[in-house]
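# Structural overview
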Amino acid sequence: MTSKRELELYFHIPFCIRKCLYCDFLSAPGEGKTKARYMEALIRETGERAGDYRDYCVVSVFVGGGTPSVVSPEQIRVLLETVREEYDLAEDAEITMEVNPGTVDERTLSAYRQWGINRLSIGLQSADNRELAALGRIHTYGQFLGAYHTARKCGFSNINVDLMSALPGQTLQSYLATLKKVLALEPAPEHISAYSLILEEGTPFYEMAQRGELQLPDEECDRLMYEKTGELLGQAGYHRYEISNYAKPGCECRHNCGYWRRREYLGLGTGAASLIGNCRFRNGDSLEAYLADPLNVREEMQELTVEEQMEEFMFLGLRMTEGVSPQEFRDAFGKSMEEVYGPVIEKNRKDGLLEYRGRISSEEPARLALTGRGLDVSNMVMAQFLFP
Amino acid sequence: MAVSDQSRIRNFCIVAHIDHGKSTLADRIIEKTGLLTSREMQAQVLDNMELERERGITIKAQTVRTVYKAQDGEEYIFNLIDTPGHVDFNYEVSRSLAACDGAILVVDAAQGIEAQTLANVYLALDHDLDVFPVINKIDLPSAEPQRVIDEIEDVIGLEAQDAPLISAKNGIGIEEVLEQVVAKIPAPSGNPENPLQALIFDSLYDSYKGVIIFCRIMEGTVKKGTRIRMMATGARQEVVEVGYFGAGQFIPCEELSAGMVGYITASIKNVKDTAVGDTVTDDDRPCAEPLPGYKRVQSMVYCGLYPADGAKYPDLRDALEKLQLNDASLNYEPETSVALGFGFRCGFLGLLHLEVIQERLEREYNLDLVTTAPGVVYKVHKTNGEVIELTNPSNLPDPSVIEYMEEPVVSAEIMVTSEFIGSIMELCQERRGRYLGMEYIEGTRALLKYELPLNEIIYDFFDALKSRSRGYASFDYDIKGYEESKLVKLDILINREEVDALSFIVHADSAYERGRKMCEKLKDEIPRHLFEIPIQAAVGGKIIARETVKAMRKDVLAKCYGGDITRKKKLLEKQKEGKKRMRQIGNVEIPQKAFMSVLKLDDK
């Protein structure tokens, strides 16, 4: 064990082949030359910022996007080498990369593995080709299968598969078929992220929905999909450790858990957010500005007040099914959780949305967590932990 | 130039149907008479309340004095009195007209005569004003000036062949209008030596000068030091300043004498003392009689106004006090609601007046308000002979002690093209209208006459009229009086608790329909809770309609790029913010706009 502070690194690759119709993340198709210049800038930012983090040990790396697999594998290699050379990267660090099944082959996957990437997150979304087409995805289920098995062959033993429910044209039957197909993979994925489609303003889907052009499953169906997800994945040995994330024991995504536990993380690349100490900041979204000077795009620097830290502690921590620890709260803020949030906790316990689990002593419960019902309506519960 | 020669004064106003271009013509007149350069002109100089400009209607009378050098080489003083343009303010309109000697009638070259055109022109003729017509918007492709000229002659009987054909918007034909003002509007009369007799047609509260009285001097002279008396209210004060109206400013002068229009200040603290229509006279040498036509203004529409945040109650009280300084027709008294806490029952001239006040409170005083359903004043005759004027449905006595109830009724005139007569008659029928007759105006248009209960038209009648006639019908009304009616109180129960602020009075025959629609509306307005919420409508304890808000089942923020916590928090904040605009009734949270639901029952 190291006595250094732990740090997570996030790399944002804002490119994709084609933007999916529901996507509101920062990404866009880019020309080869632009992508290359972006990677140079990203590598430069990574190298030059390293000096600020000499006291840290990097425990996880996440390369996300966009679609990180659309940039040249060679540049991914240089990026990871830069991390290794300039940062203190822990031996057992979790190093994840997001891939689109339509953009990888044996050559790239084995290269990724060789360079130290030890976890893959594959965006499948659906096993139904019609649904995939309706989402604007560039791949088919067949391509996913190819990529998945190739990844296994290349030695990836920790794979996440992203799935979506409540898609246009999706039926309960087709969604269950997707779930079953994914669970029947040999070997099955270690981790599954299952989200409901959210229509984000500014996306083509949002516009289409406004015009009534999307055939979305009704509320009852959406609800059943959501319930069935938990049920089927539970039976298959997955543990729901976060609102939308399920894992085989020990395969929880460390990087993502870090966000909910308020671990320090440094985001590199356009639009990437960071939490260092109690300061949140992010890089600007502009690709142009980033290419011009990747070290001069930080914005929204915000030193969190104690109240804001408390709010985050609660609404982020409660996303994890293990909940939040009153003991940690007291250690962090010098006040008991009861003292600060007593009435809110009481009300939500009475409504059956929160519960205390386990007890250290008669006064000190082990953790405060959302109940099953609480998970269903988590936004409503979390909003109450914000100060007026 | 000091013209005190009455022969060179013209006091006039512009009358028109809404949107026919009254304010734009006023702007052009001010522009052409040279007091303002084009550069200084803000669009629509006379409508100076922000709200008025946005809504395109004049709420307070505005007046401006300009100087016009006519083609005869003489300079004339024009006092242009802009009148309020909405039926809610009919009385103010009549007093403004009484301050004039003539009027310009503006008629849209494409639309021709509308209901308000007629109403306003008859009002002007009733006040013995000399009226000459102007055909506006002649540059529109659909303009038919000759047809409109014929229509004016046929329908109103006004000579119109030499009516100026203008476009106020594009400044075409304005010279001709100005010349006709000189030629066709008579100079004022009155003797400056007689005892003072001045008509108040508006007043304004200014924090430095106190109340500023807008008046027309009919007889006599007023100047600094004159001891004046308002004949109806009895208020007495010494004049501090007199003057006339520049564009957007008050310009002091020596004296105001018979025939002139101007202002008086006299350290008066409250506009209630300077009622519109009252007569100002010299307390030392009073005139024999007040001018005719004074009326105490009655509130026609009442509603409850509550601060969204209970702690803001004193702020609301202060704001109402300040608004009242400037608006004698606004009245209010404190009331309490189980659902909404402390607030005020406020009386207004009409729904537009209500909306204007509500918006001013929200904008100018930064208050977040909950408004209950507006209602009219009912007369409740009790079995013991007592008569109650009911302004708040919650105060309705037990039905067993009510002998009968009365509601206010209006006589309405609706102008409509013949193809829509059927659907408009149907609308009036639905609103319990009593058909009085119909007159054809040229071949294709008719004037429908109805008597309608006021409570059927205060909400959305105008909108319904417009939507059922594709915007062509126009409407004007007068309060006629009270009539006996079969009325009941409709109560709303949310999660089995009666919500007093949602109760309203309705005709027994429409109770079921209204109750049903109200429940449907509330079902959409009330967000889902953790539990199921029944919404019921009841009359006299009997449930007549029911809807259910289903329990919330899922409210999850799924995918979000993990690191972007700030954005996640914003979503939660938005959710929390939404909660703030809710009222807690029992264990149900009701959004504040739900209390206005009753207004929108006729969305089609």
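Residues numbered from 1 in each chain as written. Chains lettered and ligands numbered in written order. Predicted model: local features only at pLDDT ≥ 70, side-chain atom pairs only at ≥ 80, totals over all residues. Heavy atoms only, no water.

## A short note on the overall build of chain B
Where we set the bar: Secondary structure is summarised from DSSP: a helix means a run of H or I of at least four residues, a strand means a run of E of at least two, and numbering begins at the N terminus for each. Relative accessibility under 20% of the residue-type maximum defines a buried residue, over 50% an exposed one, and the middle range a partly exposed one, all with a 1.4 Å probe and only protein chains included. Contacts are assigned to residue pairs with any non-hydrogen atoms lying within 4.5 Å of each other. Shrake-Rupley sampling with a 1.4 Å probe provides the accessible areas, and residues are treated as covered by the protein chains on show and by no other component.
Helix and strand counts for chain B come out as 13 helices and 33 strands. Burial status across chain B gives 56% buried among its 604 residues. Within chain B, counting contacts between residues at least 6 apart in sequence, those at least 24 apart form 68% of the total. When the accessible area of chain B is evaluated, it comes to approximately 25,000 Å², of which 46% is carbon and sulfur surface.

## Some points on the overall build of chain A
Each helix and strand in chain A was counted, giving 15 helices and 14 strands. Sorting the 388 residues of chain A into buried and exposed places 58% on the buried side. Put simply, 69% of the contacts in chain A that link residues at least 6 apart link residues at least 24 apart. If you sum the accessible surface of chain A, you get close to 16,100 Å²; carbon and sulfur atoms cover 48% of it.

## Some thoughts on the interface of chain B and chain A
The cut-off we apply is this: Once two parts are brought into contact, the accessible area they lose, counted with a 1.4 Å probe and summed over both, makes up the buried area. A side-chain nitrogen of Lys or Arg and a carboxyl oxygen of Asp or Glu constitute a salt bridge if their distance falls within 4 Å. In protein, a polar contact means a hydrogen-donor-capable atom and an acceptor-capable atom, both N or O and within 3.5 Å, with residues adjacent in sequence counting only if both atoms are side-chain atoms; elsewhere, any N or O pair within 3.5 Å suffices.
Listed by partner, the interface residues are 25 residues for chain B and 45 residues for chain A. For the pair chain B and chain A, the two sides together bury roughly 3,300 Å², of which 56% comes from carbon and sulfur. On the surface where chain B and chain A come into contact, there are two salt bridges. The salt bridge partner of arginine 528 of chain B is glutamate 219 of chain A, with a shortest N-O separation of 2.4 Å. Where chain B meets chain A, there are five residue pairs in polar contact (both at pLDDT 80 or more).

## With respect to helix H7 (residues 313-326) of chain B
All names here are of chain B. Selection criterion: In a helix, the anticipated span is given by 1.5 Å times the number of residues less one.
Over its 14 residues, H7 runs 21 Å from end to end, which matches the ideal 20 Å to within 8%, given 1.5 Å per residue. Here H7 has its buried residues at Tyr313, Leu316, Ala319, Leu320, Leu323, Gln324, Leu325 and Asn326. The secondary structure elements touched by the buried residues of H7 are strand E6 (197-206), strand E16 (301-307), strand E17 (331-337), strand E18 (341-348), helix H8 (351-364) and strand E19 (369-371).

## Describing empty space enclosed by the protein
Residue and element names in this part refer to chain A. Cut-off, in case you're wondering: Here a cavity means grid points, on a 1 Å grid over the protein atoms only, where a 1.4 Å probe fits yet cannot get out; a pocket means an open set of points with protein on both sides within 12 Å along at least five of seven lines; lining residues are those with an atom within 4 Å of a point. Grid points are joined across faces, edges and corners, and a volume is the space filled by probe spheres set on the points. In this classification, the charged set is Asp, Glu, Lys and Arg, the nonpolar set is Ala, Val, Leu, Ile, Met, Phe, Trp, Tyr, Cys and Pro, and all remaining amino acids, among them Gly, are polar.
Summed over the entire model, instances satisfying the criterion amount to four cavities of 30 Å³ or more. Approximately 130 Å³ is the volume found for the second largest cavity. Looking at the second largest cavity, it is lined by 14 residues, and the ones nearest its centre are Ala194, Tyr195, Ser196, Tyr226 and Ile243. Looking at the lining of the second largest cavity, the element that brings in the most residues is strand E6 (residues 191-196), giving three residues. Looking at the lining of the second largest cavity, its residues break down into eight nonpolar, four polar and two charged.

## Section: the side chain of aspartate 500 of chain B
Residue and element names in this part refer to chain B. Defined as follows: The convention is simple: Lys and Arg are positive, Asp and Glu are negative, and His and the chain ends are not counted.
Residue position: aspartate 500 is located in the loop between strand E28 (497-498) and strand E29 (504-507). Buried charge without a partner: aspartate 500 forms no salt bridge, and the closest opposite charge is arginine 345, 8.5 Å away. Contact partners of aspartate 500, with chain neighbours within four places excluded, come to Ser337, Val338, Ala339 and Ser394.

## Let's talk about the pattern of salt bridges
Residues and elements named next belong to chain B. Counting across every chain of the model gives 61 salt bridges over all chains. A salt bridge links aspartate 162 to lysine 184; the nearest nitrogen and oxygen atoms lie 3.0 Å apart. Here lysine 184 lies in helix H6 (residues 174-184) and aspartate 162 lies in the loop between helix H5 (145-156) and H6, a separation of 22 residues in the sequence. Look at aspartate 162 and you get partly exposed, because its relative accessible area is 38%. Among the residues examined, lysine 184 registers a relative accessible area of 28% and is labelled partly exposed. A single network of salt bridges, built from pairs that share partners, joins Arg227, Arg229, Arg236, Asp283 and Asp284.

## So, the environment of glutamate 159 of chain B
Residues and elements named next belong to chain B. Within the secondary structure, glutamate 159 is located in the loop between H5 and H6. It is 8.6 Å that separates the C-alpha atoms of glutamate 159 and isoleucine 149, two residues lying 10 residues apart in sequence. Glutamate 159 has contacts with Pro133 and Glu153, leaving out every residue within four places of it along the chain.

## Brief notes about a nonpolar patch on the surface
Residue and element names in this part refer to chain B. Convention followed: Residues enter a patch when their relative accessible area is above 30% and they make no salt bridge; the linking distance is 9 Å between like charges and 5 Å between nonpolar side chains (Val, Leu, Ile, Met, Phe, Trp, Tyr).
On the surface, a nonpolar cluster with roughly 310 Å² of combined accessible area is contributed by Tyr435, Met438 and Tyr440. Structurally, methionine 438 can be placed in strand E24 (residues 434-441). Its relative accessible area of 33% is what places methionine 438 among the partly exposed residues.

## Description of unusual backbone geometry
Omega for the peptide link from glutamate 186 of chain A to proline 187 of chain A comes to -10 degrees, which places this bond in the cis form. For proline 187 of chain A, the location among the structural elements is in the loop between helix H6 (172-183) and E6. Phi is positive for arginine 262 of chain A, close to 60 degrees, though the residue is something other than glycine. On the secondary structure map, arginine 262 of chain A appears in the loop between helix H9 (254-260) and strand E9 (265-268). The class of arginine 262 of chain A is buried, set by a relative accessible area of 17%. Non-glycine residue asparagine 366 of chain B carries a positive phi angle of around 55 degrees. As for its position among the elements, asparagine 366 of chain B is in the loop between H8 and E19.

## Regarding the confidence of the model for chain B
All names here are of chain B. Stated precisely, the cut-off is as follows: Scored from 0 to 100, pLDDT reflects the predictor's confidence in each residue.
Within chain B, residue pLDDT values average 85, and 91% of them lie at 70 or more. Low pLDDT (under 50) marks residues 36-49, which in the prediction has 37 contacts with non-local residues, meaning those over four places away or in another chain. Every residue in residues 51-61 scores below 50 in pLDDT, and together they form 42 contacts with partners more than four places removed in sequence or on other chains.

## As for the packing of aromatic side chains
Using the following cut-off: Side-chain rings of Phe, Tyr and Trp, where Trp is taken by its six-membered ring, are said to pair if the distance between their centres is within 6.5 Å; with planes under 30 degrees apart they count as stacked, over 60 as edge-to-face, and otherwise as tilted. Our definition puts a charge over a ring when NZ of Lys or CZ of Arg is within 6 Å of the ring centre and also within 35 degrees of the ring normal.
Counted under the stated rule, the structure contains 31 aromatic pairs over all chains. Between phenylalanine 214 of chain B and phenylalanine 245 of chain B, the ring centres sit 4.7 Å apart and the planes meet at 45 degrees, which makes this aromatic pair tilted. Linking phenylalanine 214 of chain B in strand E7 (residues 210-219) with phenylalanine 245 of chain B in strand E11 (residues 241-246), this pair joins segments that are 31 residues apart in sequence. Accessibility expressed as a relative area gives 3% for phenylalanine 245 of chain B, which makes it buried. Through a chain of ring-to-ring contacts, three or more aromatic side chains come together here, namely Phe313, Phe329, Phe333, Tyr341, Phe385 and Phe387 of chain A. Sitting over the ring of phenylalanine 156 of chain A, arginine 113 of chain A keeps its end group 5.8 Å from the ring centre. Looking at arginine 65 of chain B, its charged tip hangs above the ring of tyrosine 244 of chain B, at a distance of 3.4 Å from the centre.

## Thoughts on the pairing of E29 of chain B
Residue and element names in this part refer to chain B. Convention followed: Should DSSP find at least two bridges between two strands, the strands are taken to pair.
Side-chain alternation along E29 places Phe504 and Val506 on one buried face and Ile505 and His507 on a second face that is also buried. Note: strand E27 (residues 487-494) against E29, four bridges, orientation antiparallel. Residue pairing in the sheet places lysine 489 in a bridge with isoleucine 505 of E29.

## Some points on the sheet that holds strand E14 (residues 261-265) of chain B
Residue and element names in this part refer to chain B. Keep this limit in mind: The axes are straight lines fitted to the C-alpha atoms, using for helices just the contacting stretch, and the angles between their N-to-C directions are given from 0 to 180°.
Taken in spatial order, the eight strands of this open sheet run E10-E9-E15-E6-E7-E14-E11-E12, and their pairing is antiparallel. The sheet is open, and its two edges are formed by strand E10 (236-238) and strand E12 (249-253), each paired on a single side. Ignoring strand direction, the axes of neighbouring strands in this sheet form an average angle of 40 degrees. Across three bridges, the pairing between E6 and strand E15 (residues 279-282) is antiparallel. If you follow leucine 199 over to E15, its bridge partner there is threonine 279. Along the sheet face, helix H3 (residues 90-98) touches E6 and E7 and points at about 125 degrees away from the line of E6.

## Points about the nonpolar core
Defined as follows: Residues enter a nonpolar core if they are buried and are Ala, Val, Leu, Ile, Met, Phe, Trp, Tyr or Cys, with the set joined through side-chain atoms within 4.5 Å.
With 73 residues, the main nonpolar core has Leu9, Tyr112 and Leu120 of chain A as its most contacted residues. Discounting residues that sit within four places of it in the chain, leucine 120 of chain A has contacts with Met97, Val99, Leu109, Ala151, Phe156, Asn158, Ile159 and Asn160 of chain A. Ranked by size, the runner-up nonpolar core spans 52 residues in total, among them Ala319, Leu367, Ile421 and Ala464 of chain B.

## Considering the packing of H6 of chain A against helix H8 (residues 219-235) of chain A
Residue and element names in this part refer to chain A. Threshold: Put simply, angles under 35 degrees are roughly parallel, angles over 145 are roughly antiparallel, angles from 65 to 115 are roughly perpendicular, and the rest are oblique. In this scheme the handedness of a crossing depends on how the near helix is turned from the far one: anticlockwise by less than a right angle means left-handed, clockwise means right-handed.
Running from N to C, H6 and H8 cross one another at 20 degrees; their axes reach a closest spacing of 10 Å. In this view, H6 runs roughly parallel relative to H8, as classed from their interaxial angle. Seen from above, H6 lies across H8 with right-handed handedness. For the pair H6 and H8, contact is made by Leu172, Tyr175, Leu176, Leu179 and Leu183 and by Cys221, Leu224, Met225, Lys228, Thr229, Leu232 and Leu233, respectively.

## Looking at the packing of H7 of chain B against H8 of chain B
If you want to describe how two helices pack, look at the angle between their axes and the distance between the axes. Residue and element names in this part refer to chain B. Relative orientation of the contacting elements H7 and H8 amounts to 125 degrees, with a least axis distance of 11 Å. Considering the angle they form, H7 stands oblique to H8. Seen from above, H7 lies across H8 with right-handed handedness. Residues Leu316, Ala319, Leu320 and Leu323 of H7 touch H8, and the partners they reach there are Ile357, Arg360 and Leu361. Class assignment of the residues belonging to the contact of H7 with H8 gives a composition of six nonpolar, no polar and one charged.

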